[in-house]
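What follows is the residue order along each chain.
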2 protein chains.
Amino acid sequence: MSAGAAPARFSLNQETIRQWSMPELVDGCVAAGVGAVGLWRDPVREFGLRETAKLVAGAGLRVSSLCRGGFFTAADPAGRATALEDNRRAVAEAAELGAEALVLVSGGLPEGDRDLVGARRRIVDVLGELAPWAADHGVRLGIEPLHPMFASDRCVVSTLGQALDIAEQFPAQQVGVVADSYHVWWDERLPADLRRAGAGGRIVSVQVADWVTPLPAGVLLGRGQLGDGCIDLRAFRELADSAGHRGPVEVEIFHPGLWARDGAEVLREVIDRYREHVA
Amino acid sequence: MSAGAAPARFSLNQETIRQWSMPELVDGCVAAGVGAVGLWRDPVREFGLRETAKLVAGAGLRVSSLCRGGFFTAADPAGRATALEDNRRAVAEAAELGAEALVLVSGGLPEGDRDLVGARRRIVDVLGELAPWAADHGVRLGIEPLHPMFASDRCVVSTLGQALDIAEQFPAQQVGVVADSYHVWWDERLPADLRRAGAGGRIVSVQVADWVTPLPAGVLLGRGQLGDGCIDLRAFRELADSAGHRGPVEVEIFHPGLWARDGAEVLREVIDRYREHVA
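Because the structure is a prediction, the values reported are computed rather than measured. (Residues numbered from 1 in each chain as written. Chains lettered and ligands numbered in written order. Predicted model: local features only at pLDDT ≥ 70, side-chain atom pairs only at ≥ 80, totals over all residues. Heavy atoms only, no water.)

## Focus on the packing of helix H4 (residues 77-97) of chain B against helix H5 (residues 116-136) of chain B
Residue and element names in this part refer to chain B.
Part 1 of the argument: Two elements in contact, H4 and H5, have axes whose closest approach is 10 Å; the angle formed by their N-to-C orientations is 30 degrees. The element H4 and its partner H5 pack so that their crossing is right-handed. Counting all contacts with H4, which are made through Arg80, Leu84, Asn87, Arg88 and Val91, the residues of H5 involved are Arg122, Val126, Glu129, Leu130, Trp133 and Ala134. (Axes fitted to C-alpha atoms, helices over the stretch in contact; angles between N-to-C directions. Helix = DSSP H or I, 4+ residues; strand = E, 2+ residues; numbered from the N terminus. Left-handed = near helix turned anticlockwise from the far one by under 90°. Contact = heavy atoms within 4.5 Å.)

Now the structure itself:
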């Protein structure tokens, strides 16, 4: 690897530089010495599943994760059946791409529903069907807790501990957890839960973004560039490592400011920041 | 009490109808049969501390809480000394008003600081001086956990469990906790933590507001009118009651839409919603 190459475990989630087409992403990563990418289903579908798999594998890139399946919380069985069907497609896509994990975001409360406990229970029900099916296709599922500010509309799984409570109902080779610094940094139980996740062989993906305020309207696009916020990202990565994580550390920042700039320049900056604050 | 009077334990936090002056607040509450109010230091200071105390007591209103003290997390001793001094003034104000609790919001991370554990430790240090002093003045302190989306800039205490971990280092008569549905609704440990708080005699204030999305920029003014969101407010109030809470249930909604309307009309609506969703 050249002197300027990205650190060995660095992975770029493609949403960080969403202005790049799939070929630009692959070329940009190869040029920067990046060894792994996290992909999203929509751009993969747009470029073509087979074409993406071929392009990425041909460039020697690992696919650290595919985002995302999930949304299991529909109150009606028909809604959950539709979700299961879509997740089976996601599994097939992850298999074709050779993704190391399919990231699952559980889904929020259905419209008009106030029953968090019930919604959390339905996740387990759907996983009971999906997890063995995914394992048969060689795909490992990763439950990602989202920050509690998303509990109502995106993800009723709000802590790594909750994600583990669900994952541990399945074999570790089928279901693990995704630890994203942005979602879990505030949780004082994080060190203990990461150790628990590592001891059980459940860490399937580690992602990093920084926490900055003020949050924008809708809060989805409020993630900060590494080092711009208040998360001790190095301590987070070290916690994951000392819990046994050896895989990629994926940078996933949703930030319109980064999307408006030249992709190669953004990647250089992200890699520099990663060196300074994470590696 | 007249047939139309507010339910017995209903309390109105004055920020819910911040367009009201102090006399309008008192008159409006008396007219609606409201028995208790939660006050804020700024409007109290503006109207005059002694004048407010006289007005409120003369109208026979209880003061369920005074908001707020806290902001204990300054990294430098001088900053913490300033905070302590301000909190001593807040205690004196709470004593003069006969407030049942002084609500404490811990403070966020100091600028450039990434050490959550250290910030949480400093809260205990300052409380070590403040709590006995407040007790000498007949004022009980209530640590309020804020939603984790405020962890960096307002309050490093993010769960009721964390608030209890701090409160329990002091006698129950000195330091308790404040449970606000808006901040803690998402936490699956809430039922257990409320039971723990009640068993220890630590519930000093219960507040309600609903959770609605999308959140506005800055997220502070995103609270929902009771019943407009996804929190099971009745279950929350029942949890607090079955944990032993017998005091007021304070409605605290920061919502520009409510502030733009006629105060008496807003109060009628809040009371109706309280009957429907909380009582």
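## Focus on the pairing of strand S6 (residues 175-180) of chain B
Two faces, one strand: in a regular strand the side chains alternate between the faces of the sheet.
Residues and elements named next belong to chain B.
Part 1 of the argument: With six of six residues buried, S6 is to be regarded as a mostly interior element.
Part 2 of the argument: In terms of strand pairing, strand S5 (residues 141-143) meets S6 through three bridges, oriented parallel. Pairing of Gly142 across the sheet is with Gly176, part of S6.
Part 3 of the argument: In this view, the connection linking S5 to its parallel neighbour S6 by way of helix H6 (residues 160-167) has right-handed handedness. (Buried < 20%, exposed > 50% of the residue type's maximum accessible area, 1.4 Å probe, protein only. Pairing = 2+ DSSP bridges. Right-handed = clockwise from strand over helix to strand, strands pointing away.)

## Some remarks on the interface of chain A and chain B
Part 1 of the argument: Facing 33 residues of chain A, the contacting portion of chain B comprises 33 residues.
Part 2 of the argument: Of all residues in chain A, the largest losses of buried area upon contact with chain B belong to Arg114, Trp186 and Glu188 of chain A, amounting jointly to 25% of the total for that side.
Part 3 of the argument: For the interface between chain A and chain B, the tally reads zero salt bridges.
Part 4 of the argument: Between the two partners, chain A and chain B, sit 14 residue pairs in polar contact (both at pLDDT 80 or more).
Part 5 of the argument: Those elements that provide at least two residues to the side of chain A that touches chain B are helix H5 (116-136) and helix H6 (160-167) of chain A.
Part 6 of the argument: In terms of residue class, the side of chain A that touches chain B is built from 15 nonpolar, ten polar and eight charged. (Buried area = accessible area lost by both parts, 1.4 Å probe. Salt bridge = Lys/Arg side-chain N within 4 Å of Asp/Glu carboxyl O. Polar contact = N/O pair within 3.5 Å; in protein donor to acceptor, adjacent residues only side chain to side chain. Nonpolar A, V, L, I, M, F, W, Y, C, P; charged D, E, K, R; others polar.)

## Here we look at helix H3 (residues 49-58) of chain B
Residue and element names in this part refer to chain B.
Part 1 of the argument: Those residues of H3 that fall on the buried side of the exposure criterion are Thr52, Ala53 and Val56. The buried residues of H3 all sit within an arc of 100 degrees when viewed along its axis, so they share a single face. Residues Arg50, Lys54 and Gly58 are exposed on H3 and point more than 90 degrees away from its buried face.
Part 2 of the argument: Looking at the buried positions of H3, the neighbouring elements they touch are helix H1 (22-32), strand S2 (36-40), helix H2 (41-47), strand S3 (62-70) and H4. (Arc of directions from axis to C-beta.)

## As for the UniProt feature "domain: Xylose isomerase-like TIM barrel" (unreviewed entry) in chain A
Part 1 of the argument: Within the UniProt annotation, "domain: Xylose isomerase-like TIM barrel" (unreviewed entry) is assigned to residues 29-269 of chain A.
Part 2 of the argument: The straight-line gap between the two end C-alpha atoms of residues 29-269 of chain A is 13 Å; of that span, 44% is helix and 17% is strand. (UniProt positions renumbered as here; feature names shortened; annotations may be inferred.)

## What about the relation of the copies chain A and chain B?
Part 1 of the argument: Aligned on chain B, chain A shows an RMSD of 0.0 Å; the corresponding rotation is 180 degrees and the shift along the axis is 0.0 Å. Between the two chains, the operation in question is that of a two-fold axis. Taking C-alpha positions as the reference, the residue of chain A nearest the rotation axis is Ala217 of chain A, at 1.9 Å.
Part 2 of the argument: Taken together, the interface assignments show that 100% of the residues at the interface of chain A recur at the interface of chain B, consistent with an identical surface on both copies. (Least-squares fit on C-alpha atoms with pLDDT ≥ 70 in both.)

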